[in-house]
Amino acid sequence: MSDRTVLHVKGRVLAGPEDVRDELWAVDGRITYERPPGESLTVTGWVLPGLVDAHCHVGLDQHGPVPDEVSEKQALTDRDAGTLLVRDAGSPSDTRWIDAREDLPKIIRAGRHIARTRRYIRNYAHEIEPGDLVAYVAREARRGDGWVKLVGDWIDRDAGDLAACWPRGEVEAAIAEAHRLGARVTAHCFAEDSLRDLVEAGIDCIEHATGLTEDTIPLFAERGVAIVPTLVNIATFPHMADGAEAKFPDWSAHMRRLYERRYDTVRSAYDAGVPVFVGTDAGGSLAHGLVAAEVAELVKAGIPPLDALSATAWGARSWLGRPALEEGAPADLVVYDQDPRADVRVLAAPIRIVLNGRIVG
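Residues numbered from 1 in each chain as written. Predicted model: local features only at pLDDT ≥ 70, side-chain atom pairs only at ≥ 80, totals over all residues. Heavy atoms only, no water.

**Some words on the packing of aromatic side chains**
The tally for this structure, following the rule as stated, stands at six aromatic pairs. One aromatic cluster is present, formed by Tyr-120, Tyr-124, Trp-154, Phe-190 and Phe-237 through successive ring pairs. The side chain of Arg-21 reaches across the aromatic face of Tyr-33, ending 4.1 Å from its centre. Note that Arg-262 overlies the ring of Tyr-259, its terminal NZ or CZ placed 3.9 Å from the centroid. (Phe/Tyr/Trp six-rings, centres within 6.5 Å; stacked < 30°, edge-to-face > 60°. Lys NZ or Arg CZ within 6 Å of the ring centre and 35° of its normal.)

What follows is the structure, encoded as structure tokens:
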């Protein structure tokens, strides 16, 4: 298919949760709902905007940064699963070269993780002390694409359990500096005790959020703080707990409790009006291409299928400031042979993937 080929997509175009159209065209890489002159190549099926993985790490594996050829394979795996927009929630690799590739997903970067010294995975983060937090947040705000990623809690080896990483005052100053520079802030948080300080300090999003309780969920809802539960990652907690049982029994027991109530936590947050979005945490120890599995996990947690779809499609794109299937938007879309609203498991089997108006899968 040449770059000049007009693509005609027909069947059921899910342009929004309640906006179903019969067809669209891709002309010069852009969507139009007005029939263009001349011939076109026709694709038929159920159409969604390119899916969003709002917590994904391109350029990272379990040991740290990876070569460009590995980053390319990661991005291609996500693309072939239907993920055409990634919020890269922290990576030490420079993946800007991907922006020039029209066959790879679009990436919104959060720069490199910012963690407390010796309180995160080796080779992943800037590991600093609280006095340097504002300066590093400013650095990553300038390096990223409108997001900064903090490590809000991690195991404290002296205490033998999860513990918050940052004093309240430093967090407030750092988030204020990110906002001054036009960036939003998100944080990795497993446990309960870091959440109130982060939300009251003005944070925009929490990753994982397994520590939400009936005391903090209303605060999230009131402030409009989003969560990205990464349930496919939370599924690994029992294995992690088993591996650390002998050395850190309190931490292991805590991780098991967070795992056991994971679905109740997500459903309670959703019921309270907390914005929930799809993210897989691919790129650390998890494989790429798990977006369909994460949507299915949200449904299993009790989120209605249409809202779970929105969390990876229209709603997620709006939250990240990117268009869906609007007139003039980039023609990034995924085609299925069945209605994904009826069964979200359909997402696991796209029949066509269109990126910038070209069929790439």
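**Concerning the side chain of Asp-339**
Within the element layout of this structure, Asp-339 appears in the loop between strand S18 (333-336) and strand S19 (352-355). Beyond its immediate sequence surroundings of up to four residues, Asp-339 is in contact with Leu-14, Trp-46 and Val-346. (Helix = DSSP H or I, 4+ residues; strand = E, 2+ residues; numbered from the N terminus. Contact = heavy atoms within 4.5 Å.)

**Concerning helix H2 (residues 133-143)**
Listing the buried residues of H2 in full gives Leu-133, Val-137, Ala-138, Glu-140 and Ala-141. Buried-residue contacts for H2 involve strand S10 (114-116), strand S11 (126-128), strand S12 (147-151) and helix H3 (168-180). (Buried < 20%, exposed > 50% of the residue type's maximum accessible area, 1.4 Å probe, protein only.)

**Topic: the pattern of salt bridges**
The full count for this structure, using the stated rule, is 26 salt bridges. Taking the shortest distance from any N to any O, the salt bridge between Asp-145 and Arg-96 comes out at 2.7 Å. Of this pair, Asp-145 sits in the loop between H2 and S12 while Arg-96 sits in the loop between strand S8 (83-88) and strand S9 (106-109), placing them 49 residues apart in sequence. Residue classification places Arg-96 among the partly exposed positions, given a relative accessible area of 32%. The residue Arg-109 makes a salt bridge to Asp-145 at a minimum N-O spacing of 3.2 Å. Taken together, the residues span a long stretch of sequence, with Arg-109 in strand S9 and Asp-145 in the loop between H2 and S12 at a distance of 36 residues. It is possible to trace a salt-bridge network through shared partners that takes in Arg-168, Glu-172, Arg-196, Asp-197 and Glu-200. (Salt bridge = Lys/Arg side-chain N within 4 Å of Asp/Glu carboxyl O.)

**Regarding the environment of Ile-351**
When you line up the elements, Ile-351 lands in the loop between S18 and S19. A relative accessible area of 31% means that Ile-351 is categorised as partly exposed. Taking the C-alpha atoms as reference points, Ile-351 and Gly-45, 306 residues apart in sequence, are found 8.3 Å from one another. Excluding its chain neighbours within four sequence positions, the residues that come into contact with Ile-351 are Thr-44, Val-335, Tyr-336, Asp-337 and Gly-361.

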